[in-house]
Amino acid sequence: MTRFLVAPRIETDRLVLRELRADDFDAVHRLWTDPENVRFVGGKPSTPSQSWRRVINSAGMWPILDYGYWALDETESDQFIGLVGFADFKRDEPVRFSGDPEIGYVIDKDVHGRGYGREAMTACMNWMDTHHAGRRTICMIEPENTASLKLAARLGYRVYDEADFEGLPVLLLERV
């Protein structure tokens, strides 16, 4: 089995998924402080220290879990536009929602509607299917986040439960 110490580079027609670097901090912080970008991922803009922890945690998952998050760049502009990938956050809640790779993404609102979410997440799923074949993956999505629910369905995710997460109702989905 191949071990990944850093995120492998993946290129699609319009995107580059690459390892996170310290110099991504400003872009990550800008992404996570925009209320529209974080609306369905907790709803609270991040402080600088929370954004820095996201960069460190995202990069640090790879040597420990053999998967993690990628920085997402738009090829045409060579601009950072988001974070995509997998994690195991060892969540306390919802109960029984931990231990499998949890897919997640945050893509800058300025590029919504261009199909980047689908393109990036398809690349992530293809990578997971190649390097961790047969592995169940999970995600949680707020019921009002219809765009993410549509994308999850296109990627093969199905709702298996409902729960509360930090006081918010969420749908729990799996792809087996």
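Placed above this text is the structure.
Residues numbered from 1 in each chain as written. Predicted model: local features only at pLDDT ≥ 70, side-chain atom pairs only at ≥ 80, totals over all residues. Heavy atoms only, no water.

A.B. asks: What should I look at first to understand the overall build of the protein in this one?
C.D. replies: Of regular secondary structure, the protein possesses 4 helices and 8 strands. When the helices and strands of the protein are listed from N to C terminus, the series reads β-β-α-α-β-β-β-α-β-α-β-β. On C-alpha atoms alone, the protein measures out to a radius of gyration of 15 Å, which is about the 16 Å that the 2.2 N^0.38 rule sets for 176 residues. With the C-alpha coordinates of the protein rotated into their principal frame, the extents come out at 40 × 40 × 30 Å. Of all 176 residues assigned to the protein, the portion counted as buried reaches 47%. (Helix = DSSP H or I, 4+ residues; strand = E, 2+ residues; numbered from the N terminus. Rg over C-alpha atoms; globule rule 2.2 N^0.38 Å. Buried < 20%, exposed > 50% of the residue type's maximum accessible area, 1.4 Å probe, protein only.)

A.B. asks: Sorry, what's going on with the pattern of salt bridges here?
C.D. replies: One pass over the full model with this rule turns up 13 salt bridges. Where glutamate 119 meets arginine 14, a salt bridge forms, and the shortest distance between an N and an O atom there is 2.7 Å. Within this pair, whereas glutamate 119 is found in helix H3 (residues 116–131), its partner arginine 14 is found in the loop between strand S1 (10–11) and strand S2 (15–18), the two being separated by 105 residues in sequence. Among the residues examined, glutamate 119 registers a relative accessible area of 17% and is labelled buried. The exposure class assigned to arginine 14 is partly exposed, which follows from its relative accessible area of 31%. Between arginine 18 and aspartate 24 there is a salt bridge; the shortest N-O distance is 2.7 Å. (Salt bridge = Lys/Arg side-chain N within 4 Å of Asp/Glu carboxyl O.)

A.B. asks: Just checking my understanding: could you explain the nonpolar core for this structure?
C.D. replies: One broad rule of soluble globular proteins: the nonpolar side chains tend to lie buried together. Counting residues in each nonpolar core, the largest one holds 31 residues, and the members touching the most others are Leu17, Trp70, Leu72, Val84, Phe86, Trp127 and Tyr157. When residues of this core are traced back to their parent elements, those giving at least two are S2, strand S3 (69–74), strand S4 (79–87), strand S5 (102–107), H3, strand S6 (137–141), helix H4 (146–154) and strand S8 (168–175). Sorting elements by how many residues they give to this core places H3 first, with 8 residues. Apart from residues lying up to four places away in sequence, leucine 72 is in contact with Leu15, Val16, Leu17, Gln79, Phe80, Ile81, Gly82, Val84, Ile107 and Ala120. Counting 14 residues, the second-largest nonpolar core is a separate cluster that includes Trp32, Val38, Tyr69 and Leu83. (Core = buried A, V, L, I, M, F, W, Y, C linked by side-chain atoms within 4.5 Å. Contact = heavy atoms within 4.5 Å.)

A.B. asks: Would you mind going over the packing of helix H1 (residues 25–33) against helix H2 (residues 48–65) with me for this structure?
C.D. replies: The angle between the axes and the distance between the axes are what describe a pair of packed helices. In contact at an axis separation of 9 Å, H1 and H2 are set at 120° when each is read in the N-to-C sense. In terms of axis orientation, H1 runs oblique to H2. In the crossing of H1 with H2, the sense of the turn from one axis to the other is right-handed. Of the residues in H2, those in contact with Phe25, Val28, His29 and Trp32 of H1 are Pro48, Ser51, Trp52, Arg54 and Val55. Here the contact of H1 with H2 is composed, by residue class, of 6 nonpolar, 2 polar and 1 charged. (Axes fitted to C-alpha atoms, helices over the stretch in contact; angles between N-to-C directions. Parallel < 35°, antiparallel > 145°, perpendicular 65-115°, else oblique. Left-handed = near helix turned anticlockwise from the far one by under 90°. Nonpolar A, V, L, I, M, F, W, Y, C, P; charged D, E, K, R; others polar.)

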